[in-house]
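A look at the structure
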Amino acid sequence: MRLIFLGAPGSGKGTQAKRLQNSRGLCQLSTGDLLRAAVRKGSGVGLKAKDYLESGRLVPDDLMISLLVASMSEADCRGGYILDGFPRTLVQARALEKSLEETEQPIDLVIEFRIDEGLLLERLSGRRICPNGHGEWHLKFNPPGREGLCDTCGEALIHREDDYQDKIKIRLEAFREQTEPLIRFYKEKGLLETVEAEGGMEEIAGILEKILARHYEVHGG
Ligand code: AMP
């Protein structure tokens, strides 16, 4: 399975990608997670990306494309993968298409997570993440077992710099202007499936499983 998850920040695509990673042995390649790890490490990519990340703007395409290509070849993704947060621009989508053409392993399916903007604000402002990359929780919808602490490693959860209201606005604008055109791009290629993503985690997971079962029953793989 080679999947792209497309959706506004807070649409739940990362949460569903993590679930599928565990249940189906797929690689989850989250460009947001890769960038945050690079910033934590202080690597060259991290230093270049830091200001963009913290301000909520998109990181330049050339940097993102080389980051993704490098991590796809580093990670063991022979069992399939989910691209979570990439591509986010038409330039990225075309570069991905070109690079996959060379391997003759195109994307099978693009899942769009559609959600009302009002809900996104509540989801993002209450989100808390593990600084060691073990996932995310929500103060109201999905609190951790022990208040403020990661369920996996016990580290104090953090409020992402870009999950404050002013930054959320910038990120949603970037989504509308630069990422939304991808919906049409993939629809015209016959690759797009849309999930109405306003329900709870379990409900959305069920819908997603049905889409995947239907697709792979018809197309195999
Ligand atoms: P995310 O965790 O997916 O919400 O991404 C957090 C931030 O990382 C975004 O607001 C961007 O600054 C940056 N980012 C992640 N993926 C991309 C991408 N494909 N293109 C450009 N910037 C990205």
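Right, let's walk through the structure included here. (Residues numbered from 1 in each chain as written. Predicted model: local features only at pLDDT ≥ 70, side-chain atom pairs only at ≥ 80, totals over all residues. Heavy atoms only, no water.)

1. Let's talk about helix α6 (residues 117-125)
Basically, it comes down to this: Burial classes follow relative accessibility: with a 1.4 Å probe on protein chains only, a residue under 20% of its type's maximum area counts as buried, one over 50% as exposed, and anything between as partly exposed. What counts as a helix is a DSSP run of H or I of at least four residues, what counts as a strand is a run of E of at least two, and both are numbered from the N terminus. The arc in question is traced by the directions running from the helix axis to the C-beta atoms. Any pair of residues with heavy atoms lying within 4.5 Å of one another is described as a contacting pair.
Among all positions of α6, only L120, R123 and L124 are buried. All buried residues of α6 project into a common sector of 90° when viewed along the axis, lining one side. Lining the buried residues of α6 we find β5 (127-129), β6 (136-138) and α7 (165-179).

2. Some remarks on the packing of aromatic side chains
Inclusion rule: The aromatic pairing rule takes the rings of Phe, Tyr and Trp, using the six-membered ring of Trp, and pairs them if the centres are within 6.5 Å, calling planes under 30 degrees apart stacked, those over 60 edge-to-face and the rest tilted.
Under the definition given, this model contains two aromatic pairs. Aromatic side chains F5 and F113 sit 5.0 Å apart centroid to centroid with 55° between the ring planes, which places their arrangement in the tilted category. Taken as a pair, F5 in strand β1 (residues 2-7) and F113 in strand β4 (residues 109-114) lie far apart in primary sequence, 108 residues in all. For the pair F5 and F113, one class covers both residues: buried. Taken together, a centroid distance of 4.9 Å and an interplanar angle of 80° make the contact between F185 and Y186 edge-to-face.

3. Regarding helix α8 (residues 181-188)
Where α8 is concerned, the buried positions are L182, I183, F185 and Y186. Projection of α8 onto a plane perpendicular to its axis shows the buried side chains occupying an angular sector of 165°, all on one side. Within α8, the exposed residues directed more than 90 degrees away from the buried face are R184, K187 and E188. Those residues of α8 that are buried are in contact with β1, α5 (90-103), β4, α7 and β7 (192-196). Just past α8, the residue G190 takes up positive phi, approximately 75°.

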